[in-house]
Amino acid sequence: MRRYRFGRIAAFSAVGYVTAVVVAGVLALVTGDPALLRAIVATGWDADTMTSAWWVEVLLVAGGVVQGWAYWQVLRGRPAGTPAANDRPVRLLRAALYLGVVSMLLPRLPIPYLWWSYLPADLLQVAVVCLFFVALAGVLPRPLRLVGLVAGLADTVMDVAVTFIIQFGTFDLLKVVSSSWLGDLVHLLWLVPVLAGQARDARWTRGTVRVGAATAALSLLSSGGHSFITFGGELDPSLVLFMLIGVLGVLAAAWQARSAHDLGAPAPEPTPPAPVRVAPAPARAWTWTWPFAAVAVALPLIPAAVNLADGMPAWIGPRGLLDELFHGYVSEPATLLWVALDLLVGVGAPAVLVLVAVVRRTRGLLRITTAALTLAAAAGVVTAITTPRDTDWLLIPEVVEQRLRWYPDGLFVPDAEGGFGFGISPLWYSAALAGSALVLFFLYAPPPAARPRHQVVMAAPAVAVALCLLPAADQSRGPVTTAADCSPAQPWERAGESREPVPRTGPRAYLCAVRQHQALGFAATTPDQVVLTYGRRLCAAYTRADPAELARLRNVEGVNVRGLNWALAGICPAADADVRAEDAAEDREFAEFQAEERRKCAATPRHRPLIRPVKAVRLREPEWPEAGLELYDEYATEGRSTTAGPVESGPGHVRVSTHSDFHVCVTLETYTRRPPVETKGWADVVEVGYLNRTGEMVFMDGLSGSVLPDLSLGGRKGHYRIRVHYAWFPWKDEGDGTQRLLIMAYPGPGDQVTTYRKPRQRR
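Parameters and conventions
- Residues numbered from 1 in each chain as written.
- Predicted model: local features only at pLDDT ≥ 70, side-chain atom pairs only at ≥ 80, totals over all residues.
- Heavy atoms only, no water.
- Helix = DSSP H or I, 4+ residues; strand = E, 2+ residues; numbered from the N terminus.
- Contact = heavy atoms within 4.5 Å.
- Disulfide = S-S within 2.5 Å.
- Buried < 20%, exposed > 50% of the residue type's maximum accessible area, 1.4 Å probe, protein only.
- Phe/Tyr/Trp six-rings, centres within 6.5 Å; stacked < 30°, edge-to-face > 60°.
- Lys NZ or Arg CZ within 6 Å of the ring centre and 35° of its normal.
- Salt bridge = Lys/Arg side-chain N within 4 Å of Asp/Glu carboxyl O.
- Polar contact = N/O pair within 3.5 Å; in protein donor to acceptor, adjacent residues only side chain to side chain.
- Core = buried A, V, L, I, M, F, W, Y, C linked by side-chain atoms within 4.5 Å.
- Axes fitted to C-alpha atoms, helices over the stretch in contact; angles between N-to-C directions.
- Parallel < 35°, antiparallel > 145°, perpendicular 65-115°, else oblique.
- Nonpolar A, V, L, I, M, F, W, Y, C, P; charged D, E, K, R; others polar.
- 1 Å grid on protein atoms, 1.4 Å probe; cavity = no way out; pocket = protein on both sides within 12 Å on 5 of 7 lines; lining within 4 Å.
- Points joined across faces, edges and corners; volume = space filled by probe spheres on them.
- Expected span 1.5 Å × (residues − 1).
- Patch = residues over 30% accessible without salt bridge, like charges linked within 9 Å, V, L, I, M, F, W, Y side chains within 5 Å.
- Areas by Shrake-Rupley, 256 points an atom, 1.4 Å probe, with all protein chains shown as cover.
- Lys, Arg positive; Asp, Glu negative; His and termini not counted.
- Charge placed at Lys NZ, Arg CZ, Asp CG, Glu CD.

A.B. asks: Tell me what's going on with the side chain of Ser259, and back it up with residues and numbers.
C.D. replies: Position of Ser259 among the secondary structure elements: in helix 11 (residues 250-263). Those residues in contact with Ser259 that lie beyond four places of it in its chain are Leu97, Gln198, Trp204 and Thr208.

A.B. asks: Which residues make up the state of the cysteines, and what are the values?
C.D. replies: On inspection of all chains with the given rule, the structure shows 3 disulfides. Covalent S-S linkage joins Cys486 and Cys512, the inter-sulfur distance amounting to 2.1 Å. Classification of the bridge connecting Cys486 and Cys512 rests on its S-S torsion, roughly -80°, and on that basis the disulfide is left-handed. Linking Cys486 in helix 21 (residues 483-486) with Cys512 in helix 22 (residues 507-517), this pair joins segments that are 26 residues apart in sequence. Across this residue pair, the class does not change: Cys486 and Cys512 are buried.

A.B. asks: Kindly report on the packing of aromatic side chains, identifying the contributing residues and their values.
C.D. replies: On inspection of all chains with the given rule, the structure shows 10 aromatic pairs. Consider the rings of Phe132 and Trp190, whose centres lie 6.3 Å apart with planes at 70°: the pair is edge-to-face. Placement of the pair is Phe132 in helix 5 (residues 119-135) and Trp190 in helix 8 (residues 180-200), with a sequence separation of 58 residues. The same class applies to Phe132 as to Trp190, namely buried. Aromatic pair Phe590 and Phe593: ring centres 6.3 Å apart, planes at 40°, arrangement tilted. Of the two residues, Phe590 and Phe593 are both situated in helix 26 (residues 573-603); the distance of 3 residues between them amounts to about one turn of the helix. Within the aromatic cluster, the residues linked to one another by ring pairs are Phe132, Trp190, Trp204 and Trp255. The ring of Tyr542 carries Arg562 above its face, with NZ or CZ at 4.0 Å from the centroid. The ring of Tyr720 has Arg716 lying over it, and the distance from NZ or CZ to the ring centre is 5.3 Å.

A.B. asks: Give me the lowdown on the pattern of salt bridges, citing residues and values where you can.
C.D. replies: Should their charged atoms come close, side chains of opposite charge can pair. Within this structure, the stated rule accounts for 13 salt bridges. Arg580 serves as the salt-bridge partner of Asp576, at 2.8 Å between the closest nitrogen and oxygen. Separated by 4 residues within a single helix, Asp576 and Arg580 lie in helix 26, roughly one turn from each other. A relative accessible area of 12% places Asp576 in the buried class.

A.B. asks: For the side chain of Gln739, give the residues involved together with the corresponding values.
C.D. replies: One can find Gln739 in strand 11 (residues 733-747). In terms of polar contacts, Gln739 uses its side chain to reach the backbone amide nitrogen of His659, at 2.9 Å. Residue contacts for Gln739: discarding those within four places in its chain leaves Thr658, His659, Phe662, His663, Val664, Cys665, Tyr726, Ala727 and Trp728.

A.B. asks: Please give an account of unusual backbone geometry that cites residues and values.
C.D. replies: A negative phi holds for most residues other than glycine; trans holds for most peptide bonds. Here the phi dihedral of Arg361 falls at roughly 55°; this positive angle occurs in a residue that is not glycine. Secondary-structure assignment places Arg361 in the loop between helix 16 (350-360) and helix 17 (363-386). Backbone geometry places Ala545, a non-glycine residue, at a positive phi of 55°. Given a relative accessible area of 36%, Ala545 falls into the partly exposed group.

A.B. asks: Tell me about the nonpolar core, residues and numbers included.
C.D. replies: Of all hydrophobic cores here, the largest spans 47 residues; its most connected members are Leu37, Leu93, Phe132, Trp190, Met243 and Trp255. Once you skip the residues sitting within four places of it in the chain, Phe132 turns out to touch Leu93, Leu97, Trp190, Val194, Gln198, Trp204 and Trp255. By size, the runner-up hydrophobic cluster in this structure holds 28 residues, among which are Ala293, Val297, Val354 and Ala376.

A.B. asks: For the packing of helix 1 (residues 7-31) against helix 3 (residues 54-75), give the residues involved together with the corresponding values.
C.D. replies: Where helix 1 contacts helix 3, the two axes come as close as 8 Å, and the packing angle between them is 170°. For the element pair helix 1 / helix 3, the angle class is roughly antiparallel. Together, Gly7, Ala10, Ala11, Ser13, Ala14, Tyr17, Val18, Val21, Gly25, Ala28 and Leu29 of helix 1 and Trp54, Glu57, Val58, Val61, Gly64, Val65, Gln67, Gly68, Tyr71, Trp72 and Leu75 of helix 3 make up the contact between the two elements. Class assignment of the residues belonging to the contact of helix 1 with helix 3 gives a composition of 15 nonpolar, 6 polar and 1 charged.

A.B. asks: Give me the lowdown on empty space enclosed by the protein, citing residues and values where you can.
C.D. replies: The final tally for this structure, using the stated rule, is 1 cavity of 30 Å³ or more. One number sums up the size of the largest cavity: a volume of about 70 Å³. What lines the largest cavity is Val129, Phe132, Phe133, Leu136, Leu140, Arg145, Gly148, Leu149, Trp190, Pro193 and Val194. Contributing elements (two or more residues each) for the lining of the largest cavity: helix 5, helix 6 (142-168) and helix 8. Along the lines of polarity and charge, the residues of the lining of the largest cavity split into 9 nonpolar, 1 polar and 1 charged.

A.B. asks: How would you explain the environment of Ala309 if you had to name every residue and give the values?
C.D. replies: Position of Ala309 relative to the elements: it lies in helix 13 (residues 301-309). For the pair Ala309 and Gly423, spaced 114 residues apart in sequence, the C-alpha separation works out to 9.7 Å.

A.B. asks: Explain helix 17 to me, using residue names and the numbers behind them.
C.D. replies: Given a rise of 1.5 Å per residue, 24 residues ought to cover 34 Å, and the 35 Å separating the end C-alpha atoms of helix 17 matches this to within 8%. For helix 17, the complete set of buried residues consists of Leu366, Thr369, Thr370, Leu373, Ala376, Ala377, Ala379, Gly380 and Thr383.

A.B. asks: Can you break down the packing of helix 13 against helix 19 (residues 426-444) residue by residue, with the values?
C.D. replies: Contact pair helix 13 / helix 19: the axes reach a minimum separation of 8 Å and the direction vectors enclose 150°. As the angle between them shows, helix 13 and helix 19 are arranged roughly antiparallel. On helix 19, the residues that touch Pro303, Ala304 and Asn307 of helix 13 are Trp428, Tyr429 and Ala432. Class assignment for the residues of the contact of helix 13 with helix 19 results in 5 nonpolar, 1 polar and no charged.

A.B. asks: Could you give an account of a negative patch on the surface, naming the residues involved and the relevant values?
C.D. replies: On the surface, a cluster of negative charge is contributed by Glu582, Glu586, Asp587, Glu589 and Glu592. For Glu589, the position within the fold is in helix 26. Taking relative accessible area as the criterion, Glu589 reaches 56% and is therefore assigned exposed.

Below you can see the structure in the form of structure tokens.
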């Protein structure tokens, strides 16, 4: 007799899927091309998005096996037999759950994305929330059901608002309507009461509740984002964890499907209720049992007492890999739980848990206590291993605010050298907690013959999954500084907008350097905290200046750390010092260059006019035009231009061409009448006409910003004649000279171009 309604079809489909995953995994490991495996298990995470590595593909194969199991849970249907006779709300809940499973699995298919495609699923979630409220009546207290109802509806409303804001709104409004920590908390406020009701209701099995608990754990670890971040091919462990969370997201569909299957299961035959008696686990036949139990209770108190004597109630504090994970990658509720756990373990709270387990001596409580002590001991070891001796508190001050955010004020105060005191090493806590766990195990663990065989079979996969999920975190939806945010607002953009200037140092300076120049290959949607974390890692490598480490970063990650000092200067004092030294050297070199150009102009022959000019100006500073010098009348009409030597003239404009690689030493003279022609010492002498309609004649270069003094005769309008003298002035050697320019202006009629001198062979 079939156990499930569609059990054979589901088993065939799940086995086929897992087989395809394993084959694709083998091909990825053999050929080095993970395209097929990524397309099957993790759509969108191709090799261009994230570099392939053997351990990444192994994790994906394991995730694909979990997905196959989840698909079997979805497809197998309800248990075989005559379905239970349910009332109308329960039947509607089953239908809504099944439709919800379909809506959750549709995005995994290769169909084009439409922004409104999530709205039907959100409306369907409203029905699920309301029907769960009705179905759990009589199982959960009404206040708890009301909390779940309000939280579920609020979560759905926020999802709908996010959909519309992403399509039609702004990112600032998105942060207000649905921040990551609020979305995670509201979702859990709905999911946890529902799971509590299922655990107390005989209509749902324990397996369904466990899958739901796994879904809640993933939601707690998640940062609340629904889209994945790309890093331009970088193999970042945190990015791998984001991908694994997405792969395991199918467990939510498995929980909904199982919840619907259980509601359609045949009604169980009535059996007389058996008296429930929780027998305590007998201790081993030792004479001195209670002294050993007292040791198990006292061990966690020893390091706590030492720490409290120094005024430190924290167990780990803001240090190590696990604390960085919780403060940088997971949701805000999970971070708060971590800080609370840190303080509880620090003051010896595990001793209370051990005391309760010793007094009650139920097998379940003892197993949970032993496992919790073991995991806490492992966390202390990981923290001690991953905490560097040369901590980055002094190098990166902004980390202080981030990682001390949830700790009590005044708990961590910098000393005279700017460092922080954390109390005793977490290894002492690990030794005490591990010793307490061992005592409980030897006192109350059942003998080997009493251990069910399935526990041994499931031990290895359970440990593997726990190790894979321990540092898991979904992508963070924290603030994202864009390249546009770092650019100064244009005059037409400043209405109602205020952009702060980018400082020279600090996190914003670093973020703007990375965003504007794409220095590290991050995608534009990568959160700032991810970019900052990577930059701090590069800063530490830059500061250590270990050639082997720098070579490894260059060869493995393709990052030339020493060449990124200009980008890291904002958050890395060592890089900032090098950049300032380089800038100072460039400033000195440029100042010497400018002084040399001034000396060249000072050495050029002074012009001695043959008749007295009205005004004569010899510029002390050499000019450096990039597109020549142009005299332009805004009322000029179109007409034919004429070129003679370095001068181009036409109606309403005169342009003097100069070599853009060299400075120009300029002298300007204005006369009341035509001055005598001088050609000695000049390579080009050209005279043109110009009609001045504005009363001002100013040569300028729009590219370099060069603006010469006014040549007009006291603001006189009318016709002028402009005579341009050009010559090359050698200095030390021919290629190191400068340009000389003498421009005369006087009132006079005529637009003809007269060339008084031109070189035989132009430079």
